[in-house]
Structure formats: structure tokens, C-alpha cells
Protein chains: 2
Amino acid sequence: MSDQTSPLARPFPALPAIPGVRAAVARARYKNWDRCDLTYVAFDEGTAVAGVTTKSKCPSPEVEWCRAALPLGRARALVVNAGNSNAFTGHRGRAAVEAIAAKVAGAVGCQPSDVFVSSTGVIGVPLPIDKAEAGLDAVLTAPEASWEDAAATIMTTDTFTKGAVTRAVIGGKTVSLVGIIKGSGMIAPDMATMLGYVFTDAAVEPAFLQTMLDSANVASFSSITVDGDTSTSDTVLAFATGKAGNEVLRSFDDAGADAFQSALTDLCTQLAHLVVRDGEGASKFIAITVEGAVSNESAHRIALSIANSPLVKTAIAGEDANWGRVVMAVGKAGEPAERDKLSIRFGATQVAREGLAVEGYDEAPVAAHLKGQDIEVGVELGLGEGRATVWTCDLTHGYISINADYRS
Amino acid sequence: MSDQTSPLARPFPALPAIPGVRAAVARARYKNWDRCDLTYVAFDEGTAVAGVTTKSKCPSPEVEWCRAALPLGRARALVVNAGNSNAFTGHRGRAAVEAIAAKVAGAVGCQPSDVFVSSTGVIGVPLPIDKAEAGLDAVLTAPEASWEDAAATIMTTDTFTKGAVTRAVIGGKTVSLVGIIKGSGMIAPDMATMLGYVFTDAAVEPAFLQTMLDSANVASFSSITVDGDTSTSDTVLAFATGKAGNEVLRSFDDAGADAFQSALTDLCTQLAHLVVRDGEGASKFIAITVEGAVSNESAHRIALSIANSPLVKTAIAGEDANWGRVVMAVGKAGEPAERDKLSIRFGATQVAREGLAVEGYDEAPVAAHLKGQDIEVGVELGLGEGRATVWTCDLTHGYISINADYRS
């Protein structure tokens, strides 16, 4: 955990208990630190699970474990280790995950495939099985922990705890959705990892929960970027205990399914924004909206090209309305774009329209907008109906300091 | 021009005159500065030309002008403006390029399409035609300039002049190849632009010159990256006067064609490396070699993913042998890779082999290598015969300072 809280931090919200879910935390001491670093969440029988994981071709054994277990659709427990990612550790890394799942399955009385495992932290060092087992012994008998304790325990170098809540009504029953997430902190000498968990008392058939999580993911976790780098361990899991007593959701034909999708997307978007708000060195939260593209996918790729451009990110850090860099990033995206149809705005102010600088535009509202913490960049391509928004943060000396100013 | 010369700078070499080529420089005062900013190069009749330009979908009118003229294959003059890129300026930008070409064509007695034009600098401001015409009046009667004067005049915020020379023997005739280039300096509020020019007295048929330049480009200008951003104005042109008197090269069946290709690739590689050595804030010159990929193209994309990773670049800035970040960048490239076949070295020292950290590897030579200015990262994928090298620089506070620490 960094000494300095992100200037874009948000307070941890009041989160309700989710019937059928119980969290606990313990000290496994994966690193030489005096804090809880093992999170355990138990689920009542009948809990459905869905998940999305990193697209990396070099995933951690935890990611491979979760991918294998997800199609079964059942969950009884979640274990999250902080301080060691267990990535790039060969058969010993796999053995650690298997040992954790086996031990929890024995204690709970379930299948190992009902146990989901994530790890985040140093790469290349096998997760020490003895520490994991001692940590599990402690956590299995520990008192129930608060959501904020759990959110704090999954953190690595995050600077604030991150949680969100939404609700939906399904056939007259109100269901709650709670989420915790850890994000783009860096733990030397490893890359950042995003781990997010959603818990709901709604009753949802596992395959449909996966469909809805995939949909929510597009507009949330897949629409944020800090530096364009992708962890080997990124994982988001959604658990639905069914305790709310609603008619089980099986498809979008069911009453309340749209409302639940909407609430899930909202929750995931809140969580994703919190990750950006804790981006390394972030001083500005930036929303980049691309409209008028030939398709939504094309708009998404152009928005990501802008969001990942170091020159755009440094310009915004410098509070500079440098729309030329936005043109550059549109041009390099490799997607259909026509220079002479391109319009750009900062906040509400058009600075370029149809391929030309807007002559004599009022710089005062642009300068005022860029001095704020929440920045909007809008691009209109003038080609079609495609639209997407991507969120990112600026690129500052803080990013360099966090990632370069130490020696291994 | 920055106050501080890059620590990776190289002295300007002694470059020979190229028969049939004559350079001159003048003050057009595109910015409020007291330096030459207009470069003019005249070519004798019969000079062949080839070129490669930015892949940006939003190119400058200069790039469009050059693209239209290149298929004709003839050049009589080159004009390079520094201080104003003329990009994103609509019909007024096009008019400026046309005015320059028309004026030079009138003075020389050639077609406007024989005149090549580049501009680099501020975006969104049409190049002032009156300044360009006054500058041309001065330069057309100016004394011959040295290669180093020309290299200095095309600079924007480059911190050192950049030139290179190679020679080749074609059918007993020795030909010379000279190149100048400007690179990844930044001119507020615009993005960097790479402009490179190659001059040779060899006789080469234009279409074959284009073939050879395309080939040289793959291993040189297309294999470097500073920050992954792509200018709207990037241009490399090659001019061949034919004054060396060799039999005209028309295909690789001709004697000496291989030697010329080799010399051209060498020259372009030298020039490309100089651009990286003047990367904004660069303190390390990094060569990333990927071997064992399924194809050369796949190796190239993986090497670029590593070279463009902010986490890899900051780790090397921090002299940290952070191979976990290299794994991450391989994994996110989207190309075939298998974690358990992946090996990584820094300098000559293997730090990971077949998906595992090399236990107890000697850290001393790795630390010594990373303290140097020239860093080598090697990745072996173990999948096939594909191979590529990409060059980049590290990401430091200097980059942030240059690109963020000003206000418009």
C-alpha cells in the first residue's frame, strides 16, 4: 500500500451483507509485512459463478484453474492471495493452487473445482504452500470480516479500498449486487493486476450469469486502461447465491433480467472507474468518447488508441488542450477515419471541426475544464453510428517514480 | 532544440558530397526563432526517387503530396520546413504545399510533381505562404550548405544533428549513400515527427529503388519505437542521381544490387538508431530481439509489444532486471506464445528458461549490463524460426517533463 492516497480516491461505500456469502481474512505473510493478505469467501450451496480472465497468452496457474472450473458454474469458496502472483512458476505454481483447492474442499465438503483461487503480487516465485496452508487454517476459523476488510486484504499497492453496490428488482424481489476490486497498484518486481469480485443474492442460472457478465465486461473492465499493459492474472468473478428468492433468471425473456443486467453493468462500471482512479501516478480521470465510427468496435479501438497514447496522456497531465495529439492517436489506430470529417472537443468546447481548428474558439472554458480532475475528450468521426467510451488516467512523473525509481 | 543533448548522442560523421545533389538553407522564420528552418535540396535531371510515409489515417498535406508524386519516380527538388507541420489545416494547408511546389518548379524549370515537400512542427496552423515564399527566395540564391547544416535545419527539438554514410560497389563503380534524419523531438503543442532523407549517386530505376527502400524500411524505421505514437507527417525519401555512372540497377538479378540493398539497409538502420538515441528523455538504448516465433512478422509484433510497454521501459530506466514485465508484454501481444517454453535474457545472462526463473542465476553481470547505456533483451519463444529485432529507449522522468511540464 502506498503512503500517498490517490488524489482521485473515493470513500468506501456502505455495502450490505449478501445472504449466503461470508468473508474472512488472515495473515499468511506471503511477504514480510504485518497485514492480512489472505481473503476467504464462503458461499452457500447452490451458488452460481461466472468469470472473465486475462487475454494474456502467459496466464498464471490461478487463471488456468478458474478457466477450467468456470464451465461447471458452481462455487463454494474463493481464496485470494496478495503479495505473490504465483505466475511463471511452472509445475510448482500449479501444485500450490491444487493444494489450496484441495484443502478448502476438504474443510467445506465440496469438490476442488468449487473453489476459486486468485493471486496477485511478485512474479516468478512459487506461492509457498506452507504459508498458504497456515493462512487457510487461520482463516477457516476466523470471525466474519467486513467488505472493507476484504477489499483491503486483496490490495497490493493500491492506495485506497474499492467497493460498489447496486440493486435491481426481479419479479418484485429486490436483489443486491456488491463488488470489491483491486487494481493498478504495482508490486515490485511485478506488474499490476486487476482482481474484481461481484456478489449477489439474486438467483441466476450460471450460463446466463456468464452471458450477462460478458456483456457488462465490454462496457466496464474492457473499457479501461492505465498504461495499455495487461497482467497475466487479471480476473473478475461473479457469484450469485440465489438467496433473494427470485424466480431463477435464465434468459433475457425472463422478467427482471434486463434490470439485473443494467445493475450488473452499472456495478462493473463503478468498479472499473475505481481502478482507473487508483492508476499509478494518476492526477486526472479521463473519459474518451468516440462517436460517428463505422461500428462500435471500431469506436472502441480508436478510443483505446487515444487512451493509451503517452502523448495524449502527458498533454492532459500538463493541462494542455493538445488536440493535435488526439488527431495523431486517431490516425494511428488503424481504423477507418477521414481527416477532413474529424471533430474534437474538450469538455463541452469544440476545438476542431471537420478537419480544421475552430478559429477563435473560447479557450477559457477549455482551460478551466483541463484544470479539473474529471476530463472529457470527445471525438466525432462523421462516418457512421458507432460509439464507445473508454476511461483512463493521465501519465505523470508519479507513474515513472512508482515504476522506475527503485532498484531491484 | 533542447538545451540538453541526449546522453546517447553520436557525433555527426564526415559525409561526402553526392554528385548531382546540392543543399542550401535559409531563415523562413516559421516560428519566432533565429535559426535556419527551411532546407532546400536541388537534384540534377535524371534523379530517381522512392519513399515511405506514415501509415496514419490523418496524414499531413505534405504526405499526401509526396504520395501522389512518388509513382512518377522523378525528383528535382526537396523542400523541408521546420517549425510548422501544416497538418490538419484543410484546404489552406494544401494550398501552401501547392504554392511551394509551383514556385520551385518555376525557378528550376520542372514539373511541380518533381518537387517534394515535408513540414514538421506545430499542428493545426496553416503554413504561412508568405514566409515560405520569402524563405524560398532566399534559399534559391543561397550558397551551398554542408550536410550538417542541412541536418541541423530540419531539426525541431532534436538535441543533436543526425547523419550517416555507407558505400557499395556496383559493377566496379563505388557509390556513396548519405542520409540525414530528424526524429523524436517534440515541438509544443505537436507530436514528434520523423523525417529522413537518403541521397546517393548510384543509378537506380525508380520502381526498384522503391522496392529496396521498402525492404530497408522493415528492418530500420519500422523497427524502432519511442512511445508507440505515430506522427501524421513521418516521411523517408531516397534520391538517386545516377552520377556514379554504374549500370542502372533494375532488379536483384543485376550485379551489385544485393550490395546496394545491403548498404541502403545499413544506412537506414544507422539513421533509425540515431532517432532512438534522441528519444525524448532517453537514457538507455534498448535492443529487443525475439527468436523462436512462428514467423518473422509474429516476432516483430511481440518485440514491438515489449518495446512499447511502459512497464518494461520504466523497469529498464530503473536498471531493474524485471523479466516478469517482459513475460507480461509477450503475453499481451496477441501472438502465439507458450508460457512454459518462454526463455528470457538480459545481455548474455539467462534469467528465465522454459517458463521458470533460472534459480540462482548470477545477478552481477545482469546488474552491470543494466547500468550501461546499451541494453539487450532477448526472448526465445521455442515455437519456430521467426526472428526480429526492435530498438527503443527507456521511459524516464525526462519524457514526462518534455511532454507534460508546460502549459499551452
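Since this is a predicted model, take the numbers as computed values, not measurements.

Along chain A, the regular secondary structure elements total 11 helices and 16 strands. By its C-alpha atoms, chain A is 70 × 55 × 35 Å across when sized along the principal axes. Taking all 408 residues of chain A together, 63% fall into the buried category. Contacts in chain A between residues far apart in sequence, at least 24 positions, make up 79% of those at least 6 positions apart.

Turning our eyes to something else, we now look at the pairing of strand E1 (residues 21-26) of chain A. Residues and elements named next belong to chain A. Counted residue by residue, E1 has five buried out of six residues, so it is predominantly covered. In this structure, E1 lies alongside strand E2 (residues 38-43), joined through six bridges in antiparallel fashion. Looking across to E2, one finds that arginine 22 is bridged to alanine 42.

As annotated by UniProt and renumbered to match this structure, "active site" (unreviewed entry) occupies A:Thr193. Mapping A:Thr193 onto the fold places it in the loop between strand E7 (173-182) and strand E8 (195-200).

Moving on to the interface of chain A and chain B. Chain A puts 69 residues into the contact, and the matching count from chain B is 69 residues. In total, chain A and chain B occlude about 5200 Å² of area from one another, counting both sides; carbon and sulfur atoms represent 58% of this. The partner of A:Arg339 in a salt bridge is B:Glu64, with the nearest N and O atoms 3.0 Å apart. The tally of links between chain A and chain B comes to 11 residue pairs in polar contact (both at pLDDT 80 or more). Every element with two or more residues in the side of chain A that touches chain B is listed here: helix H1 (61-69), helix H2 (90-108), helix H8 (310-317), helix H9 (323-332), strand E14 (356-357) and helix H11 (397-404) of chain A. Residue contributions to the side of chain A that touches chain B peak at eight residues, all from H9(A). By residue class, the composition of the side of chain A that touches chain B is 28 nonpolar, 22 polar and 19 charged.

Superposition of chain A onto chain B requires a rotation of 180 degrees combined with a translation of 0.0 Å along the rotation axis, giving an RMSD of 0.0 Å. Taken together, the rotation and translation describe the operation of a two-fold axis. Residues of chain A ranked by C-alpha distance from the rotation axis are headed by A:His397, positioned 2.9 Å from it. Most of the interface of chain A is mirrored in chain B, where 100% of its interface residues again form contacts.

Below, the discussion takes up the domain arrangement of chain A. All names here are of chain A. Segmentation of chain A into domains returns domain 1 (21-277) and domain 2 (285-404). With 13 residues of domain 1 in contact, the opposing surface of domain 2 contributes 15 residues. Interface area for domain 1 against domain 2, summed over the two sides, is near 1200 Å², with a carbon-plus-sulfur share of 58%. For the pair domain 1 and domain 2, the number of links is one salt bridge. For the salt bridge of aspartate 374 with arginine 277, the shortest nitrogen-to-oxygen distance reads 2.9 Å. Taken together, the links from domain 1 to domain 2 amount to seven residue pairs in polar contact (both at pLDDT 80 or more). Among the secondary structure elements, those contributing two or more residues to the side of domain 1 that touches domain 2 are strand E9 (224-225) and helix H6 (257-277). At four residues, the largest contribution of residues to the side of domain 1 that touches domain 2 is made by H6. For the side of domain 1 that touches domain 2, the residue count by class is five nonpolar, six polar and two charged.

In this section: the packing of aromatic side chains. Scanning all chains against the criterion turns up 14 aromatic pairs over all chains. Judged by centre distance (5.2 Å) and plane angle (50 degrees), the rings of A:Trp323 and B:Phe88 are tilted. Of this pair, A:Trp323 sits in helix H9 while B:Phe88 sits in the loop between strand E4 (77-84) and helix H2 (90-108), each in a different chain. Each member of the pair A:Trp323 and B:Phe88 is classed as buried. Through a chain of ring-to-ring contacts, three or more aromatic side chains come together here, namely A:Phe43, A:Phe116, A:Trp147, A:Phe199 and A:Phe239. For the cation-ring pair, B:Arg277 lies above B:Phe285, with the distance from its terminal atom to the ring centre recorded as 4.3 Å.

Okay, the sheet that holds strand E5 (residues 115-122) of chain B next. Residue and element names in this part refer to chain B. In space, the four strands of this open sheet follow the order E1-E2-E4-E5, with mixed pairing throughout. Each edge of the sheet is formed by a strand with only one pairing partner; in this case those strands are strand E1 (21-26) and E5. Strand-to-strand, the axes of this sheet are offset by a mean angle of 10 degrees, without reference to chain direction. Against the sheet, H2 engages strand E2 (38-43), E4 and E5, with an angle of about 140 degrees to E5.

Here the focus is the packing of helix H5 (residues 206-219) of chain B against helix H6 (residues 257-277) of chain B. All names here are of chain B. With their axes 9 Å apart at the nearest point, H5 and H6 run at an angle of 45 degrees to one another. As judged from the angle between their axes, H5 and H6 are oblique. For H5 against H6, the interelement crossing comes out right-handed. Here Phe208, Leu209, Met212, Leu213, Ser215, Ala216 and Ala219 of H5 lie close against H6, whose contacting residues are Ala257, Phe260, Gln261, Leu264, Thr265, Cys268 and Thr269.

This next bit is on the environment of A:Ser56. Of note, A:Ser56 is situated in the loop between strand E3 (48-53) and H1. Each C-alpha atom, one on A:Ser56 and one on A:Thr161, is 26 Å from the other, the two residues being 105 residues apart in sequence. A:Ser56 has contacts with A:Arg67, A:Ser231, A:Thr232, B:Gly331 and B:Lys332, leaving out every residue within four places of it along the chain. Polar contacts involving the side chain of A:Ser56 include one to the main-chain amide nitrogen of A:Cys58, which spans 3.0 Å.

Moving on: unusual backbone geometry. All names here are of chain A. A positive phi angle is found at glutamate 319, which is not glycine, with a value near 55 degrees. On the secondary structure map, glutamate 319 appears in the loop between H8 and H9. We note that glutamate 354 has phi near 50 degrees; this positive angle belongs to a residue other than glycine.

Moving on: the sheet that holds E9(A). Residue and element names in this part refer to chain A. Spatially, seven strands are ordered E9-E16-E11-E15-E12-E13-E14 in an open sheet, and the strand pairing comes out mixed. Of all strands in the sheet, those bounded by a partner on one side alone are E9 and E14. Pairing analysis gives seven bridges linking strand E11 (residues 285-293) to strand E15 (residues 374-380), with the strands arranged parallel. Its bridge partner lying in E15, isoleucine 286 is registered against isoleucine 375.

Let us now look at the nonpolar core. Counting residues in each nonpolar core, the largest one holds 88 residues, and the members touching the most others are A:Ile306, A:Val330, B:Ile306 and B:Val330. Ignoring anything within four residues of it in the chain, the contact list for A:Ile306 reads A:Ile288, A:Val290, A:Val312, A:Val326, A:Ala329, A:Val330 and A:Val379.

The rules behind these values
- Residues numbered from 1 in each chain as written.
- Chains lettered and ligands numbered in written order.
- Predicted model: local features only at pLDDT ≥ 70, side-chain atom pairs only at ≥ 80, totals over all residues.
- Heavy atoms only, no water.
- Helix = DSSP H or I, 4+ residues; strand = E, 2+ residues; numbered from the N terminus.
- Buried < 20%, exposed > 50% of the residue type's maximum accessible area, 1.4 Å probe, protein only.
- Contact = heavy atoms within 4.5 Å.
- Pairing = 2+ DSSP bridges.
- UniProt positions renumbered as here; feature names shortened; annotations may be inferred.
- Buried area = accessible area lost by both parts, 1.4 Å probe.
- Salt bridge = Lys/Arg side-chain N within 4 Å of Asp/Glu carboxyl O.
- Polar contact = N/O pair within 3.5 Å; in protein donor to acceptor, adjacent residues only side chain to side chain.
- Nonpolar A, V, L, I, M, F, W, Y, C, P; charged D, E, K, R; others polar.
- Least-squares fit on C-alpha atoms with pLDDT ≥ 70 in both.
- Domains from an automatic or database assignment.
- Phe/Tyr/Trp six-rings, centres within 6.5 Å; stacked < 30°, edge-to-face > 60°.
- Lys NZ or Arg CZ within 6 Å of the ring centre and 35° of its normal.
- Axes fitted to C-alpha atoms, helices over the stretch in contact; angles between N-to-C directions.
- Parallel < 35°, antiparallel > 145°, perpendicular 65-115°, else oblique.
- Left-handed = near helix turned anticlockwise from the far one by under 90°.
- Core = buried A, V, L, I, M, F, W, Y, C linked by side-chain atoms within 4.5 Å.

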